[in-house]
Amino acid sequence: MNILLNDSVYEFNGNNLHDLLKQLKKDTTGIAIALDQQVVPKSLWRTTELNEQSQVCIFESIAGG
Amino acid sequence: MSALIIAGHEFQSRLFTGTGKYASAEAMVSSLVASQSELVTLSLRRMDLKHQTDNILKPLQQQGIKLLPNTSGARTAKEAVFAAELAREALETDWVKLEIHPDPRYLMPDGAETLFAAEALVKKGFVVMPYVHADPVLCKRLEEVGCPCVMPLGSPIGSNMGLASRPFLEMIIEQSRVPVIIDAGIGAPSDAALAMEIGADAVLVNTALAVAKNPAQMGEAFRWAVQAGRLAFESGLGEKRIQAKATSPLTEFLGGLA
């Protein structure tokens, strides 16, 4: 299915946020996820299902003052 | 030198630092280690999906330095609350440096939005450290809504102009019942020492360390400056006066020898 990931269309082959992170092969240290403008706690990543209309934003920690 | 306590957390160092603008993660770590800083700021951004970003978290965590995410990028209270909630998930901390600056030229903090956001975040259980203009009225209001400290600016972010807001900082320090951390514009160790001498509880320094030719050595310079300034403040500085006051006895013992 196609989801909107960080404002771009992304082809996703899985069910939930945990699957998405696995597909992206990204280090999950220091990241946060918002689904449809709501922050999703880490403890709910495995049980938060995605669908065609899902808008996912993934944020990462970077250097800053 | 006395310890600094914010929201029940005790700091031995009164030098807080940022992690931005360093040439490399190694330069950042060496500078922060030399500075002996115990609290460092970080930012959040939308993940770059095409490239793997250098993970700066691991070296910071290995040093045991407490992390302070900021809400940089937020232009409104609503965006700042959202950024703080993201940061709490990303870095597993309730602490947040609240900064809302809608104007990219001067990066002046928006006081009204900051107060709204601070009140909302305190209610949600955050330890809110608000970055604000050196506004004594606003700092009092932030204290009243439950901020455990205030972070007024010395001068614009990254400007290295030192304590341009000094008279107002002194009013804030005099009135405040919560720690006052002077943030932004501190360009030289002498600025940091002065901030501490006038009674600031801590300073937050980023650019001056990060852009130094030798960030590690500059970290050490700031470490000593902050300690010297605080020790001087705690020791009690003498009053300034125009007229001289002799430090040696003005006796007439040489009288009649010439």
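Residues numbered from 1 in each chain as written. Chains lettered and ligands numbered in written order. Predicted model: local features only at pLDDT ≥ 70, side-chain atom pairs only at ≥ 80, totals over all residues. Heavy atoms only, no water.

- Going by the annotation in an unreviewed UniProt entry, the name recorded for chain B is Thiazole synthase, with Marinomonas vulgaris given as the source organism.
- Turning to chain B, the UniProt record has this under Function (unreviewed entry): "Catalyzes the rearrangement of 1-deoxy-D-xylulose 5-phosphate (DXP) to produce the thiazole phosphate moiety of thiamine. Sulfur is provided by the thiocarboxylate moiety of the carrier protein ThiS. In vitro, sulfur can be provided by H(2)S."
- You can read under Catalytic activity (unreviewed entry) in the UniProt record for chain B the words "[ThiS sulfur-carrier protein]-C-terminal-Gly-aminoethanethioate + 2-iminoacetate + 1-deoxy-D-xylulose 5-phosphate = [ThiS sulfur-carrier protein]-C-terminal Gly-Gly + 2-[(2R,5Z)-2-carboxy-4-methylthiazol-5(2H)-ylidene]ethyl phosphate + 2 H2O + H(+)". (UniProt positions renumbered as here; feature names shortened; annotations may be inferred.)

- Going by the annotation in an unreviewed UniProt entry, the name recorded for chain A is Sulfur carrier protein ThiS, with Marinomonas vulgaris given as the source organism.

1. Structural notes on the overall build of chain B
Reasoning step 1: Within chain B, the secondary structure is distributed over 9 helices and 10 strands.
Reasoning step 2: Taken along the three principal axes of its C-alpha coordinates, chain B extends 90 × 40 × 35 Å.
Reasoning step 3: Element-wise, carbon and sulfur atoms account for 53% of the exposed surface of chain B, whose accessible area totals about 12600 Å².
Reasoning step 4: Here chain B holds 24 positive side-chain charges and 28 negative ones, and the gap between their average locations is 3 Å. (Helix = DSSP H or I, 4+ residues; strand = E, 2+ residues; numbered from the N terminus. Areas by Shrake-Rupley, 256 points an atom, 1.4 Å probe, with all protein chains shown as cover. Lys, Arg positive; Asp, Glu negative; His and termini not counted. Charge placed at Lys NZ, Arg CZ, Asp CG, Glu CD.)

2. Examining the environment of Thr71(B)
Residues and elements named next belong to chain B.
Reasoning step 1: Tracing the chain through its elements places Thr 71 in the loop between β5 (66-69) and α3 (77-91).
Reasoning step 2: Accessibility expressed as a relative area gives 0% for Thr 71, which makes it buried.
Reasoning step 3: Linking Thr 71 and Val 96, residues 25 residues apart in sequence, is a C-alpha distance of 7.5 Å.
Reasoning step 4: Each residue touching Thr 71, except ones within four places of it in the same chain, is listed here: Ala 80, Ala 83, Ala 84, Val 96, Lys 97, Leu 98 and Glu 99. (Buried < 20%, exposed > 50% of the residue type's maximum accessible area, 1.4 Å probe, protein only. Contact = heavy atoms within 4.5 Å.)

3. Describing empty space enclosed by the protein
With a probe scaled to a water molecule rolled over the atoms, the places where space remains empty come into view.
All names here are of chain B.
Reasoning step 1: This model, assessed by the stated rule, comprises 1 cavity of 30 Å³ or more.
Reasoning step 2: If you go around the largest cavity, the residues you meet are Pro 136, Cys 139, Lys 140, Glu 143, Val 150, Ile 172, Gln 175 and Ser 176.
Reasoning step 3: Sorting the residues of the lining of the largest cavity by element identifies α5 (136-144) and α6 (166-175) as the ones contributing at least two each.
Reasoning step 4: Among the elements that take part in the lining of the largest cavity, α5 stands out by supplying 4 residues, more than any other.
Reasoning step 5: Class assignment for the residues of the lining of the largest cavity results in 4 nonpolar, 2 polar and 2 charged. (1 Å grid on protein atoms, 1.4 Å probe; cavity = no way out; pocket = protein on both sides within 12 Å on 5 of 7 lines; lining within 4 Å. Points joined across faces, edges and corners; volume = space filled by probe spheres on them. Nonpolar A, V, L, I, M, F, W, Y, C, P; charged D, E, K, R; others polar.)

4. What about the side chain of Thr207(B)?
All names here are of chain B.
Reasoning step 1: Tracing the backbone shows Thr 207 in helix α8 (residues 207-210).
Reasoning step 2: Among the polar contacts listed, one links the side chain of Thr 207 to the side chain of Lys 21, at a separation of 2.8 Å.
Reasoning step 3: Every residue in contact with Thr 207, bar those within four places of it in the chain, is listed here: Lys 21, Gly 158 and Asn 160. (Polar contact = N/O pair within 3.5 Å; in protein donor to acceptor, adjacent residues only side chain to side chain.)

5. Remarks on the interface of chain A and chain B
Reasoning step 1: Taken together, the 27 residues of chain A in the interface contact 29 residues of chain B.
Reasoning step 2: Considering only the side of chain A, the residues that lose the most area to chain B are Lys26(A), Glu60(A) and Ile62(A), jointly responsible for 26% of the buried surface there.
Reasoning step 3: On inspection of chain A and its partner chain B, the count reaches 3 salt bridges.
Reasoning step 4: Of the charged contacts, one joins Asp7(A) and Arg46(B) as a salt bridge, the two residues approaching to 2.7 Å between their closest N and O atoms.
Reasoning step 5: Linking chain A with chain B are 13 residue pairs in polar contact (both at pLDDT 80 or more).
Reasoning step 6: If you list the elements that add at least two residues to the side of chain A that touches chain B, you get β3 (31-35), β4 (38-40) and β5 (55-63) of chain A.
Reasoning step 7: Of the residues belonging to the side of chain A that touches chain B, the class tally is 14 nonpolar, 7 polar and 6 charged.
Reasoning step 8: Bridge analysis of β5(A) against strand β4 (residues 39-46) of chain B gives 5 bridges, and the strand direction is antiparallel. When the sheet's bridge partners are listed, Ile62(A) is paired in β4(B) with Ser43(B). (Buried area = accessible area lost by both parts, 1.4 Å probe. Salt bridge = Lys/Arg side-chain N within 4 Å of Asp/Glu carboxyl O. Pairing = 2+ DSSP bridges.)

6. What to know about the packing of aromatic side chains
Reasoning step 1: Evaluation of the coordinates by the stated rule reveals 3 aromatic pairs over all chains.
Reasoning step 2: Centre to centre, the rings of Phe59(A) and Phe82(B) are 6.3 Å apart; their planes meet at 80°, and the pair counts as edge-to-face. Note that Phe59(A) is positioned in strand β5 and Phe82(B) in helix α3, a pairing that runs across two chains.
Reasoning step 3: Here the aromatic cluster, defined as three or more aromatic residues joined through ring pairs, consists of Phe11(B), Phe16(B) and Trp95(B).
Reasoning step 4: The ring of Trp95(B) carries the charged tip of Lys66(B) above its face, separated from the ring centre by 4.4 Å.
Reasoning step 5: The ring of Phe126(B) is capped by Arg88(B), whose NZ or CZ atom sits 3.9 Å from the centre of that ring. (Phe/Tyr/Trp six-rings, centres within 6.5 Å; stacked < 30°, edge-to-face > 60°. Lys NZ or Arg CZ within 6 Å of the ring centre and 35° of its normal.)

7. Overview of the sheet that holds strand β6 (residues 95-98) of chain B
Residues and elements named next belong to chain B.
Reasoning step 1: Read across the sheet, 3 strands follow the order β6-β7-β8 without closing on themselves; strand pairing throughout is parallel. The open sheet has two edge strands, β6 and β8 (151-152), and neither has a second partner.
Reasoning step 2: Direction of pairing for β6 relative to strand β7 (residues 127-132): parallel, over a ladder of 4 bridges. The partner of Leu 98 across the bridge, within β7, is Pro 130.

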